[in-house]
Every structure is written in structure tokens, then in C-alpha cells.
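Residue-level listing of the chains:
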Amino acid sequence: MRDVPAFLQRYGVFIALLLLIGFNFAVTPNFATTQTLLLNLTQVCTIVIVGIGMTLVIATGGIDLSVGSLMAIAGALSPMIFTGKLVDFPNLYVAIAFGIVIPVLVAGLFGLFNGWLITRYNIQPIIATLILFIAGRGLAQVSTNGDLQVFKVPEFQAIALGKVLGLPFQVWIMAVLVIAAAYVLKGTVFGRQVLAVGGNESAARLAGVPAARVKVLVYFICGLCAGIAGLIEIAMNSAADANLIGMGKELDAIAAVAVGGTLLSGGRATIVGTLFGALIIQLVRYTLLANGVPDAAALIAKAVLIVLAVWLQRQGTA
């Protein structure tokens with residue numbers, strides 16, 4: 001019986017996802033359709049992308065509450081660039097390229113700022129990232145004067161709405177990031193350093209791991225992921241509203257990481273688990289809505305999933 005919690009901790013998220021899919025096949029009308037598949041994939045992409053960065057941060061024993069605000073900053077800045085409000089580019093594609101690269105880098109630099117506060121001044125991650133959680137959205141709102149930026153630029157919107165082999169381009173972006181992050185975490189020295197810092201930072205330092213640099217880098221990567229997610233969100237909506245972009249996304253990402261099996265105290269992480277965790281959260285919400293249950297119930301279900309995930313973690317580490 002002692003092995004049951006360990007088994008569930010290792011494979012529970014995968015089993016839960018299969019059971020949820022099976023339940024929907026049996027009960028939910030029109031679940032087995034391409035339209036439903038694409039709907040759920042597009043709804044989950046930004047959560048997974050932000051969750052990738054959050055997984056790395058949590059693996060070091062930290063947390064990042066600012067990702068939703070960084071999405072807002074990137075999402076507000078991008079249309080200002082590719083529509084020519086800041087600089088009049090002679091070529092649309094050059095403007096779009098700058099409108100993608102610069103906002104993502106800006107979000108990454110803000111992530112770097114989070115890491116700098118944490119490592120330079122030894123501020124607790126929840127406090128350090130709370131600064132941009134509050135101020136970051138304010139920066140996005142001030143930069144746009146609180147106005148809604150509406151645009152119709154198919155060349156830019158292709159990052160979310162374009163299709164390759166029948167799948168939205170944002171799904172391919174998500175897949176590439178998941179594969180790359182999973183490889184980095186499990187197959188590189190940097191990935192092992194991330195887990196070492198989260199497992200025991202003092203021991204990692206004694207072993208020669210540059211703990212401060214590792215922490216700064218994971219917050220930088222988390223910022224980049226938030227920037228990419230912010231651009232996908234505005235591309236889907238054909239508009240950028242600094243008040244709403246990325247709202248609550250930090251909580252969705254943390255929930256996906258927790259449900260996916262990453263140890264919230266650090267030292268153990270799984271990118272694929274985060275993907276499955278995000279899919280479970282999205283499918284629970286879709287299942288409830290498709291069967292006539294109010295959206296508020298999905299919040300309760302999400303809370304229950306987090307409680308179960310944390311309980312399993314405690315069983316596995318007891």
C-alpha cells in the first residue's frame with residue numbers, strides 16, 4: 001500500500017487525463033470532433049507556454065506571480081510597434097518581426113529584473129515578483145493610456161490563427177517549447193543545476209553550481225515565455241487590452257505545474273507533467289461547461305485538483 005501514493009504521484013496525472021478523455025467520449029456531446037480538439041488546444045496553449053517557464057522557476061524553489069503582467073506588457077507593446085505608432089517601418093514584415101522580438105525580449109528583461117531582486121537582495125520570490133504583478137500591469141496600462149488597441153494584421157495574427165498541417169500555429173509553438181524545455185531540464189547541465197538548486201541550494205553551491213546565475217536565468221526564461229504567450233493572446237483576439245491580457249494566467253500556470261507533478265518546494269520537475277496538468281484543467285472546465293455546469297464550478301474543481309496534487313506530493317515526500 002505504501003507504493004500506491006508513489007505510483008499515483010508518478011502516473012496519476014496521465015491516468016487522470018485518460019479517464020477524463022474517456023468520460024467525455026461517453027458523456028459529452030460532440031466531444032469527438034476536430035472542432036472540439038482545436039478549441040481545447042487553443043485554449044490551453046498560453047497556459048502551457050507560461051507553465052513551462054513557471055516549471056523551471058518552481059524547480060528552483062521559487063515562484064513567479066508577475067507572468068500575467070508580463071503578458072500584458074508584451075501584448076500592449078507589440079501592436080504599438082507593428083502598427084507604426086512608435087516607429088514608422090518601411091516594410092510590414094520588418095515591423096512584425098520587431099513587434100514580436102522586442103516585446104518578448106522586454107518581458108524577458110523584466111523576468112531578469114525579478115531574478116536580480118531575488119539573488120542580489122535575497123528577497124523572497126513571492127515578494128519580489130509581487131512587485132511586477134502590481135506594477136507591470138500598470139506599466140502596460142499607462143503605455144496605452146488604458147485604451148483598447150484593435151488591429152487586423154493577418155501576417156501577425158498567423159502566430160495564433162495560422163495553420164500548419166491542420167493545427168493552429170500556436171499549437172506548434174507550444175509543442176516546440178515543450179520539447180525544448182523537457183530536453184533542457186533532463187538532458188543538459190543547466191537542467192541538472194536547476195534541479196540541484198531547488199533540491200538543496202546550499203549543497204549545490206558547495207558542489208560548484210552557480211546558484212544565483214541559475215536563478216536569474218530561469219526567471220529570464222519565464223519572462224520570455226510570458227512574452228510569447230502575451231503575443232499569442234492578442235493575436236487570437238485581434239485586440240490588445242492591457243487591463244485583461246494575461247489576467248489570472250499566473251494562477252492557471254501554477255495550478256498546471258502543481259497538478260502536473262512538479263514539486264512545489266523545488267528539486268523535482270516535469271515539463272510533460274505540466275502539459276498534462278494544463279490539459280486536465282482545461283478539460284475539466286470544458287467538461288463542466290459542455291454539460292451545463294456554471295463556469296464558477298470550474299474554479300472549485302481547479303482548487304480541488306490543486307489540493308489533491310499537493311496531498312500526493314506530501315505523501316510521496318513523507
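Structure: see above.
The present account deals with the structure reproduced in this document.

Scoring rules and cut-offs
- Within every chain, residues take consecutive numbers counted from 1 along the sequence as written.
- Under the rules for a predicted model, residues below a pLDDT of 70 receive no local features and side-chain atom pairs below 80 are neither given nor counted, while totals for whole chains, interfaces and linings still include all residues.
- Hydrogens and water are ignored here; the side-chain numbers use all heavy atoms of the structure.
- What counts as a salt bridge is simple: a side-chain nitrogen of Lys or Arg found within 4 Å of a carboxyl oxygen of Asp or Glu.
- For helices the rule is a DSSP run of H or I covering at least 4 residues; for strands it is a run of E covering at least 2, with both sets numbered from the N terminus onward.
- Using a 1.4 Å probe on the protein chains alone, a residue whose accessible area is under 20% of its type maximum counts as buried, one over 50% counts as exposed, and one in between counts as partly exposed.
- The criterion for an aromatic pair is that two Phe, Tyr or Trp rings (for Trp, the six-membered ring) have centres within 6.5 Å, with stacked assigned to planes under 30 degrees apart, edge-to-face to planes over 60 apart and tilted to the rest.
- With a 1 Å grid spanning the protein atoms alone, the term cavity applies to any set of points in which a 1.4 Å probe fits but cannot get out, the term pocket to an open set with protein on both sides within 12 Å along at least five of seven lines, and the term lining residue to any residue with an atom within 4 Å of a point.
- Grid points are joined across faces, edges and corners, and a volume is the space filled by probe spheres set on the points.

Notes on the pattern of salt bridges
Applying the stated rule across the entire model yields three salt bridges. Glu-201 serves as the salt-bridge partner of Arg-205, at 2.5 Å between the closest nitrogen and oxygen. Separated by four residues within a single helix, Arg-205 and Glu-201 lie in helix α9 (residues 201-206), roughly one turn from each other. The closest approach of N and O atoms between Glu-201 and Lys-215, which form a salt bridge, is 2.9 Å. Remark: Lys-215 occurs in helix α10 (residues 211-237) and Glu-201 occurs in helix α9; sequence separation between them is 14 residues. For Glu-201, a relative accessible area of 22% corresponds to the partly exposed category. Residues joined by salt bridges that share partners form a network here, namely Glu-201, Arg-205 and Lys-215.

Some words on the packing of aromatic side chains
Here the structure, examined in full by the defined rule, presents nine aromatic pairs. Among the aromatic residues, those joined into a ring-pair cluster are Phe-25, Phe-31 and Tyr-286.

Describing the layout of surface pockets
The calculated volume of the largest pocket comes to roughly 560 Å³. Taken together, 21 residues line the largest pocket, and the ones lying closest to its centre are Gln-43, Ile-47, Lys-249, Asp-252 and Arg-285. Put simply, the parts of the chain that give the lining of the largest pocket at least two residues each are α2 (34-59), α10, α11 (249-260), α12 (271-290) and α13 (295-317).

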